[in-house]
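Overview (structure and organization)
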Amino acid sequence: MLSGYWHFVPEALVVAGALAVLFGEFLPGRDKGAAYIAAALAGAAALLVAVGGTGGPMVFGQVEPDSVARFARTGVAGLTAVWALWVAGRGMSDERRRDAVALALFAAAGGMLLCMARDLIVMYIALELSTMPAYILMGYRRRDVSGLEGALKYFLLSMLTSIVMLYGLSFLYGISGSTAFAELSIEGAGVLGLVAVLLTLVGLLAKMSAAPFHYWAPDAYAGAAPASVAFVSTVPKIAGITVIARLLSAIAPDMPTLVTLVAVASVASMLLGNLAALPQSDLRRLMAYSGVAHTGYLLMALAPGTDTGYAAAVFYAVAYALPSMAVMLVAAEEGTEITDLAQLAARRPWLAWSVVIWLLSLIGIPPLAGFFGKLYLFGAAVDSSLWLLVVLGILTSVVSAGYYFRVVREMFFGEPVGVSGEGIASPAATVALVALVAGTVVIGLGASPLLRGLGALLG
Amino acid sequence: MAYVALIPLLPALAFAVMAPLSRGVRNRVRWLGVAGVGGALLLSLVAFASVWPGGHEGEAAYHASWPIAQIGGVDLSLGILLDPLAAIMLLVVTIVGVCVQVYSLGYMHRDERVGWYFAVLTLFTAAMLALVLSDNFLMFYMAWEVMGLCSYLLIGFWHEQEAPRKASQKAFLTTRVGDVGFAIGLAIMYATVGSFDFDVVLGSAGAWAPGVATAVALLLLFGAMGKSAQVPLHVWLPDAMAGPTPASALIHAATMVAAGVFLVARALPIFEASGVALTVTMAVGAITALLGGLLAAVQHDVKKVLAYSTISQLGYMFLAIGAGGAIAGMFHLVTHAFFKSLLFLGAGVIIHAAHTQDMREMGGLARHLPVTSVTFGIGALALAGIFPFSGFWSKDEILYAVWHDGHYVTFAVALLAAFVTAFYVARLWFRVFTGPVQTENLAEGHAEMLAPMGVLAAITAVIGFSAPFFSEFLGHAGHWPDPAMAISSSAVSLSGLALGWWAYGRTRLVLNTRSLKERSGHAYTVLTQKYYFDVTYEHFIIRPYMRAAESLSRFDGSAVDGAVNGAAGAWKRLTEVAWSFDGRVIDGFVNGVARAARASGGALRRIQAGRVQTYQRSVLGALVLLMLWIVVKGA
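Residues numbered from 1 in each chain as written. Chains lettered and ligands numbered in written order. Predicted model: local features only at pLDDT ≥ 70, side-chain atom pairs only at ≥ 80, totals over all residues.

**Section: the overall build of chain A**
Let me state the cut-off plainly: Put simply, DSSP H or I for four residues or longer makes a helix, DSSP E for two residues or longer makes a strand, and each gets a number counted from the N terminus. Partly exposed residues are those whose C-beta has more than 12 but fewer than 20 other C-beta atoms within 10 Å; 20 or more makes a residue buried and 12 or fewer makes it exposed, with C-beta atoms placed from the backbone. By the convention adopted here, residues are in contact when the distance between their C-beta atoms, placed from the backbone, does not exceed 7 Å.
When its secondary structure is counted, chain A shows 19 helices and 0 strands. Split into buried and exposed, the 459 residues of chain A put 65% on the buried side. Sequence-distant contacts, at least 24 apart, represent 80% of the contacts inside chain A between residues at least 6 apart.

Next comes the structure, spelled out in structure tokens:
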């Protein structure tokens, strides 16, 4: 049994990176060097997960590093590494300190565990581990009152839904007499079983900012440092969607009531997210609502309860996270108002074109990651004849082009207002952004083999 | 007869509609609560008519149950059981409920959170009705706990003040102690018979091992003692008077506190199977009846007098049930519910008029509050047990039952308690309504406050004559009072009243009873210290607990934090961030709300107005809607 423990080495690396940053004051080069070390360790962890094989159930069946977990963990660790690299290069805005990296790495460790979790208790603890640091990240700028306010709202709502979820977990345990995913069953438990699943899902859906549990996201994002948003709005979503898929497939794959339930959340998220994003002028708010909308797309694939659907969702979670993180990092460099990006094409043409690529991926234009991701999402829904979801998904994608293109127009034809852009040149940050462009394209081109690997082994 | 299920559902629905509304809208639709309880009253009348003429003990006029879940192969269900006992309780709860709600329209109309008050009051009524109608112990327990919650919310209704907040916690925690006993009792019961259904459990109780029956019965009794404020778990009820007076009338006098008595009456076969448990019930009741009465006699706060009086009268009911007079106990529950809620409502008018609760600052109210003094007087005479008011009949039945069963010591205690009761009733009445006026601008209550009191007074005046029919309705032989018993109990009550008049009613001056107190010496101190119950709990339970908690937090602070701080300064920065949450968040919150409110425009943005309470409400609202949908759609 002990032999499988090397599967935890990536998590150990990430935690080591986090500790290195915490104790960074004792290192040569101080916190900057420590942040680089952390980024390197996270990157190493991502590589290790990607090349390392998969394994069966471990630690009394509480975790299982299977192929889906491998993909998701690679995504979590890789994106964390990129983010840490960017922060190491530029620092958090307004703050010189870089210990935010430690928080992010702790959260990433929790997220990676969450991807492997096969037990309610491990799931809950990993989920809390991945969100606790996020509260601090959102309130990272201590002197910024609105940031603290947003972080507190995030905390309060997240705690509320966590408690609701714990309540659901206790019912699940009561009904099935076990906390292991494999033994969860609500067969014959009637309405109580469904209510238990609903309560559990509320906690997870809220952390994924799915409507109607999304209220914290716009306020929290709009107050926080854009670099914090870049991390919090993306990486935890990968882990979250993975564990939701895992949990749903374990409990009740094709119970009609559950299908409708997830579909309702999906429809609400798609409509609300896309419509509310339209009038926003702050990039963080815009991306918050865009995040709600994308969670709606993810849920669309989860609704049918099929393996291809689960695989598509996990794939799209990564495909969404890449460009979304990138856009927020650009906001951290250039300013959070859309008008701050005016004439970006003239100032930094490469960056402007990169933003175009990311936004196109978010809309879902081939051959980028977002296109294939959405293709598989819609395909999973079509297979199960959830036509309403598909039609709404396509229509709202068209709507989303509206607000994404507003950003593009601003970059190329906007009138510059005042001085914008901090203009700190940082090679490391550039490398991070290049990696995000490359990832967006490569994952798009390599979509079908990646997804085959996921779909074949899931469930 | 499925409409019976609507009796608890109507008020519950009213609550469900009111709860999620904003404060302003909720305040305007407070009539919804009145309507919900009023509807329940009408349906209860119909239900009562369908049970009439009763007469067969334990035979249900209507019984239905709906499974809600299956766990481990066992069905859990909600069920409705309408039998004569439940039908009577339905009427009591809804009549008192409607009276209190109408009264509250006048009493609470200036409060800025009046809507919430009505919502909770309505939820409470729904829970009590569900409890009365439940056909199994689990649903009974659920309704019981909802009432505990409502009680907490109502006692602490004015939570910006210190006293109500503390009182609500005390009430919640003290009754919780009893509830733990109740829950353990339920677990043992389930382990024994594998069911919570009244039919199954009570039907088989006679065949249980005596030890099991005793254990279950005593644990249920412990739960009942918490809810019904029996010694030594009575300490919460006097403090609970910090809540709004009409809420006290409904909850802490008429209905919820009677739930404990009702529990014992429902589970009577278990108590009878045990035998010992009945004796314990009787002893607890007798002690409480006397101690509560004595305490009521030294209180100066008019509501506290009534609170201790309630404790004492509940003790009377336990005493009756324990002595084998379950019917007499239930009848006293009914009469007490009416006259005690009447007294509390009257106390509300008095407090409104005199702007104080201290009887020493009152006097001569009879001339200025004619309606109140008459109705209150009727309630007071009923409480003292004077013919022909309701208390006379039920008290007489209890005394008769105790005497008849040969519990002579208990009989003596009960007589003594009756004497004390009459004394403090006289003390209360003479202090408040006679003597010199000490307050200016005395004004009678609003019409909507006086009308319910009139109704309750009328019921109190005539309901006693139904005593024999009450027994027959519940399937027992009814009888008119025994003349000898009636004369002796009346003599005791009258002498109590006479003593009260002698001490408090003769003088036309502001009273000074110091000489009386000094002569009674030590005994008076013991009484004013409430037999040292609170002090004992404070000293032996609460303080050690607080000390333990403090030393734990010191350990956290010094050992754990110290280690962390020593390890790295980085942790300190993290804690700083956490501290600044505390320090700045209040300001930030307020500013942020204002800013966000200014910015909010469209419909979607209005929801996203920045108020975290609104968000939480929306989240929970969505959750409730989805749950409702699941329940409606079914598995």
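Text resumes after the structure shown.
**Observations concerning the overall build of chain B**
Each helix and strand in chain B was counted, giving 29 helices and 2 strands. Looking at chain B residue by residue over its 635 residues, the buried ones come to 51%. Long-range pairs, those at least 24 residues apart, make up 79% of the contacts in chain B between residues at least 6 apart in sequence.

**Observations concerning the confidence of the model for chain B**
Residue and element names in this part refer to chain B. Rules: The predictor rates its confidence in each residue with pLDDT, a number between 0 and 100.
Here chain B shows a mean pLDDT of 82. Residues at 70 or above account for 86%. In this model, residues 581–591 is a region of pLDDT below 50 whose contacts with residues beyond four sequence positions or in other chains number 15 contacts. Confidence drops under a pLDDT of 50 for residues 596–604, and excluding neighbours within four residues, the segment shows 9 contacts in the predicted structure. The complex prediction reports pTM at 0.68, with the ipTM value standing at 0.84.

**Some points on helix H1 (residues 6–18) of chain B**
Residue and element names in this part refer to chain B. Here is the rule: Multiply 1.5 Å by the residue count of a helix minus one, and that product is the helix's expected span.
The end-to-end C-alpha separation of H1 is 18 Å, in line with the 18 Å expected for 13 residues at 1.5 Å each. Considered for burial, the residues of H1 that qualify are Ile7, Pro8, Leu10, Pro11, Ala12, Ala14, Phe15 and Met18. Looking at the packing, one finds that the buried side of H1 touches helix H2 (23–28), helix H3 (31–51), helix H4 (84–107) and helix H5 (114–133).

**Focus on unusual backbone geometry**
In the segment running from A:Ala211 into A:Pro212, the intervening peptide bond is cis, with an omega of 0°. If you trace the backbone, A:Pro212 turns up in the loop between helix H7 (190–207) and helix H8 (216–223). Look at the link from B:Phe387 to B:Pro388: it is a cis peptide, with omega at 5°. Here B:Pro388 is to be found in the loop between helix H18 (370–384) and helix H19 (390–404). Phi angles above zero are rare outside glycine, and B:Ala229 is one such case at about 55°. Considering the arrangement of structural elements, one finds B:Ala229 in the loop between helix H9 (210–227) and helix H10 (236–239).

**Observations regarding the environment of B:Glu444**
Residue and element names in this part refer to chain B. Mapped onto the fold, Glu444 is located in the loop between helix H20 (408–433) and helix H21 (447–462). With 17 C-beta atoms packed within 10 Å, Glu444 lands in the partly exposed category. Between the C-alpha atoms of Glu444 and Ile350, which are 94 residues apart in sequence, the distance is 8.5 Å. Those residues in contact with Glu444 that sit more than four places away from it in its chain are Leu369, Val371 and Thr372.

**Examining the environment of A:Ala326**
Mapped onto the secondary structure, A:Ala326 falls in helix H13 (residues 307–334). Separated by 108 residues in sequence, A:Ala326 and A:Val434 have C-alpha atoms that sit 9.5 Å apart.

**Let's talk about H18(B)**
Residue and element names in this part refer to chain B. Here H18 contains 15 residues, and its C-alpha end-to-end distance of 21 Å stays within 8% of the 21 Å for a straight helix at 1.5 Å per residue. Taking burial as the measure, the 15 residues of H18 include 11 buried ones, the bulk of the element. Where H18 is concerned, the buried positions are Thr372, Ser373, Thr375, Phe376, Ile378, Gly379, Ala380, Leu381, Ala382, Leu383 and Ala384. Looking one or two residues beyond H18, the residue adopting positive phi is Gly385, at roughly 85°.

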